[in-house]
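These are the residues of each chain, in order.
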Amino acid sequence: MVGLATVFGAGGGTSSYEEVENSDLIVLWGSNARAAHPIFFHHVLRALERGAKLIVVDPRRTESAAFGNLWLGIDVGTDIALSNTIAREIIASDLQDHAFVANATENFEEYAESVAEWTLERGEEVTGVPADVIREVARMYAQADRAQICWTLGITEHHTAVDNVLALINLGLLTGHVGKYGSGLNPLRGQNNVQGGGDMGAIPNKLPGFQDIVEDHEARARFEAAWGRPIMPEYGWHLTDMFHAMERGELTAIYCIGENPVSSEADATHATPLLENLDTLIVQDIVMTKTAEIADVILPASNAAFESEGTVTNSERRVQRVRKALEPPGQAKDDIWIIAQLARRLGHDWGELTAFDAWEELRSLSPMHANMSWALIEERGGMQWPCNDEFPDGAQFLHARLWAFDDRARQGRKAPFSVVVDDPPVDLLSEEYPIRLTTGRRLDSFNTGVQTAGYTSPLRRPESVEVSAGDAEALGVVEGERVRVSSRRGEVEAPVHISSALRPGLAFMTLHFPDEVETNRLTIEAADPKSGTAEFKATAIRIDKLRAGVA
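This section reports on the structure supplied with the text. The structure displayed is predicted, hence computed values, not measured ones.

**Structural notes on the pairing of strand β18 (residues 482–486)**
(1) Moving on: Alignment of β18 against strand β19 (residues 491–498), held across five bridges, turns out to be antiparallel. The partner of R482 across the bridge, within β19, is P495.
(2) Moving on: Taking the residues that link successive antiparallel strands as the turn, the β18-β19 hairpin has four residues.
(3) Moving on: Here β18 pairs with strand β21 (residues 539–545) via four bridges, running antiparallel.

Now the structure itself:
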């Protein structure tokens, strides 16, 4: 969200799913959408059926790569280097969209100078992707009539997360692949309603509607008037900042809603004791997570999928209604009801607050939701923001204003290029830790497993450390053999799974089964300073035999 908001002012994907189906070229960069976003991938498959090309940029030859025309097996953490090399090749070949760059963007000369050193040869040396493949990708992307770049955690779970996103946005600006039907820049959200959470202000520097809490004085005044309280013009802490504040003793109480940081936070051997030593830990959730097990107070919540009223917003900015189908079991209550009851006990009676009431307040304060009435969302089966006087029916794609070259008032702020610098992973490979571990998801499971581990799946197999056949041979291990996996922070034991998706020197694990293998004992807490996202994708490890034989 931070990168898109920095360049365009709103942290949402620029295109719709329908447009993906009608694109000529789709680039999945750091996204194994076939496994992690299977519903979205159906739209990709429809595009392929009508002749679109698919490029997959991923260290692993993933399930998604199996459908691609090209797979770029990039070395972990070299995304900026690859983007800069592609950009340099486009500029050197004079394939940039000159009119768009000249009329809709800023800082092009500085950006062009910054990528000038990224020759194809240097790009190959740093990224591991052959120079001729980089050249082909540059030409395919620049010359496509309609092209999409889609990314997810493979881009954002790095200490350079925001810069990685800015690097991809640069390519869209350079070629004019934004602000028009069929072309776009799209983050695929990792969970249901991640986009909606950001839209509602669940980020530390924005009020609902991506209105800056420091810079947007008019917005802050509207919220102060509605809420009857002054709002401090200060940015809050993101998740990594919170853990640093716990270390300093400045943060002593946590109210954790629908999050399981004991299992999901990087470097668990460091993060878990901080949570255990809080003065107060309140957990509001639908299941007894590992975080709930150490909480002082547990508030049982209803399942938002079918036990609550409200809305969700997906990766294409589509706001959809959620309708209550079942009563929550036992003492479980709706999140809104719980929060309203806490407010009442703190001396602020909000009355019988409903999801509809909350939505109406949002519409009155967030311009991009202003015309999106509850009834209209119901009638149309969902609407895409922005939905206001300028876009009364919502907007299928964003930033068409940038193409209004002759109308500066309508065009508004131009989109700036960003100079981004290649910066390798923090956890360096060494003789002691020679293997690069990257993490991700499998199709059958979800995050830390609390919502899926209780169900069986014919696709599921136990957690393992996946390695290449070459590494397995070099280590003297076989399929199923239990090994010790160690990093600079901790160690775990796991069975080996030999995978054809991996090259020598690269290993893969998931976070789905922490009761079996606590993968986050290995991962590093190094984080992006702008977004607070930890570098889950780049851990240095070693693998050692435990004993002869197969477990």
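**Topic: the sheet that holds strand β5 (residues 147–151)**
(1) Moving on: Overall, parallel pairing links the five strands, which are arranged β3-β2-β1-β5-β6 in an open sheet. Of all the strands in the sheet, the pair left with one neighbour each is β3 (70–72) and β6 (184–187). Going from strand to strand, the sheet's axes swing by 15° on average, the running direction of each strand aside.
(2) Moving on: By the bridge criterion, five bridges tie strand β1 (residues 25–29) to strand β2 (residues 53–57) in an arrangement that is parallel. By the bridge assignment, I26 is partnered in β2 with L54.
(3) Moving on: Against the sheet, helix α9 (residues 131–143) contacts β1, β2, β3 and β5, and its axis sits at roughly 120° relative to β3.
(4) Moving on: Relative to β5, helix α11 (residues 161–175) is tilted by about 175°, and along the sheet it contacts β1, β5 and β6.

**A closer look at the sheet that holds strand β11 (residues 297–300)**
(1) Moving on: Spatially, three strands are ordered β9-β10-β11 in an open sheet, and the strand pairing comes out parallel. Edge strands, defined here as strands with exactly one partner in the open sheet, are β9 (253–257) and β11. Averaged over neighbouring strand pairs, the angle between their axes works out to 10° when direction is ignored.
(2) Moving on: Of the strand pairs in this sheet, β9 and strand β10 (residues 280–285) are connected by five bridges, and their pairing is parallel. Paired with C256 across the bridge in β10 is V283.
(3) Moving on: Along the sheet, helix α18 (residues 335–345) contacts β9, β10 and β11; its crossing angle with β9, the most-contacted strand, is approximately 155°.

**What to know about helix α7 (residues 108–115)**
(1) Moving on: All of the buried residues along α7 are F108, Y111, A112 and V115. Considered in projection along α7, the buried side chains sweep an arc of 100° and stay on one side of the axis. Facing away from the buried side of α7 by more than 90 degrees, the exposed set consists of E109 and E113.
(2) Moving on: Where α7 is buried, its residues touch α5 (79–92), α6 (98–104), β4 (105–106) and α11.

**Let's talk about a nonpolar patch on the surface**
(1) Moving on: Taken together, Y255, I257, I339, L342 and W350 make up a surface patch of nonpolar side chains, about 430 Å² in accessible area.
(2) Moving on: Secondary-structure elements contributing two or more residues to the nonpolar patch are β9 and α18.
(3) Moving on: Tracing the sequence through the fold places I257 in strand β9.
(4) Moving on: What makes I257 partly exposed here is its relative accessible area of 40%.

**What to know about α18**
Each turn of an α-helix holds 3.6 residues, which means side chains three or four residues apart point in the same direction.
(1) Moving on: Buried within α18 are the following residues: I338, A340, Q341 and A343.
(2) Moving on: Residues of α18 that are buried make contact with β9, β10 and β11.
(3) Moving on: Sitting at the head of α18, D334 places a side-chain oxygen 2.9 Å from the backbone nitrogen of I336.
(4) Moving on: Where α18 ends, the next residue or the one after it, G347, has phi of about 95°, a positive value.

**With respect to the environment of T533**
(1) Moving on: With respect to the element layout, T533 can be found in the loop between β20 (506–510) and β21.
(2) Moving on: Of the residues examined, T533 reaches a relative accessible area of 23% and is grouped as partly exposed.
(3) Moving on: Linking T533 and R46, residues 487 residues apart in sequence, is a C-alpha distance of 33 Å.
(4) Moving on: Apart from residues no more than four positions distant in its own chain, T533 is found in contact with T156, E157, H158, A161, A526, A527 and D528.
(5) Moving on: Separated by 3.1 Å, the side chains of T533 and S531 make a polar contact.

**Observations concerning the packing of aromatic side chains**
By convention here, two paired aromatic rings are described through the distance between centres and the angle between planes.
(1) Moving on: Summed over all chains, the structure comprises nine aromatic pairs.
(2) Moving on: A centroid spacing of 4.6 Å and a plane angle of 40° characterise the contact between F100 and W403, whose relative ring orientation is tilted. Taken as a pair, F100 in helix α6 and W403 in the loop between β14 (383–384) and α21 (408–411) lie far apart in primary sequence, 303 residues in all.
(3) Moving on: Judged by relative accessible area, F100 falls into the buried class, the value being 0%.
(4) Moving on: Between the aromatic rings of F356 and W374, the centroid separation amounts to 5.7 Å while the plane-to-plane angle is 90°, which identifies the pairing as edge-to-face.

About the cut-offs
- Residues numbered from 1 in each chain as written.
- Predicted model: local features only at pLDDT ≥ 70, side-chain atom pairs only at ≥ 80, totals over all residues.
- Heavy atoms only, no water.
- Pairing = 2+ DSSP bridges.
- Helix = DSSP H or I, 4+ residues; strand = E, 2+ residues; numbered from the N terminus.
- Axes fitted to C-alpha atoms, helices over the stretch in contact; angles between N-to-C directions.
- Contact = heavy atoms within 4.5 Å.
- Buried < 20%, exposed > 50% of the residue type's maximum accessible area, 1.4 Å probe, protein only.
- Arc of directions from axis to C-beta.
- Patch = residues over 30% accessible without salt bridge, like charges linked within 9 Å, V, L, I, M, F, W, Y side chains within 5 Å.
- Areas by Shrake-Rupley, 256 points an atom, 1.4 Å probe, with all protein chains shown as cover.
- Salt bridge = Lys/Arg side-chain N within 4 Å of Asp/Glu carboxyl O.
- Polar contact = N/O pair within 3.5 Å; in protein donor to acceptor, adjacent residues only side chain to side chain.
- Phe/Tyr/Trp six-rings, centres within 6.5 Å; stacked < 30°, edge-to-face > 60°.

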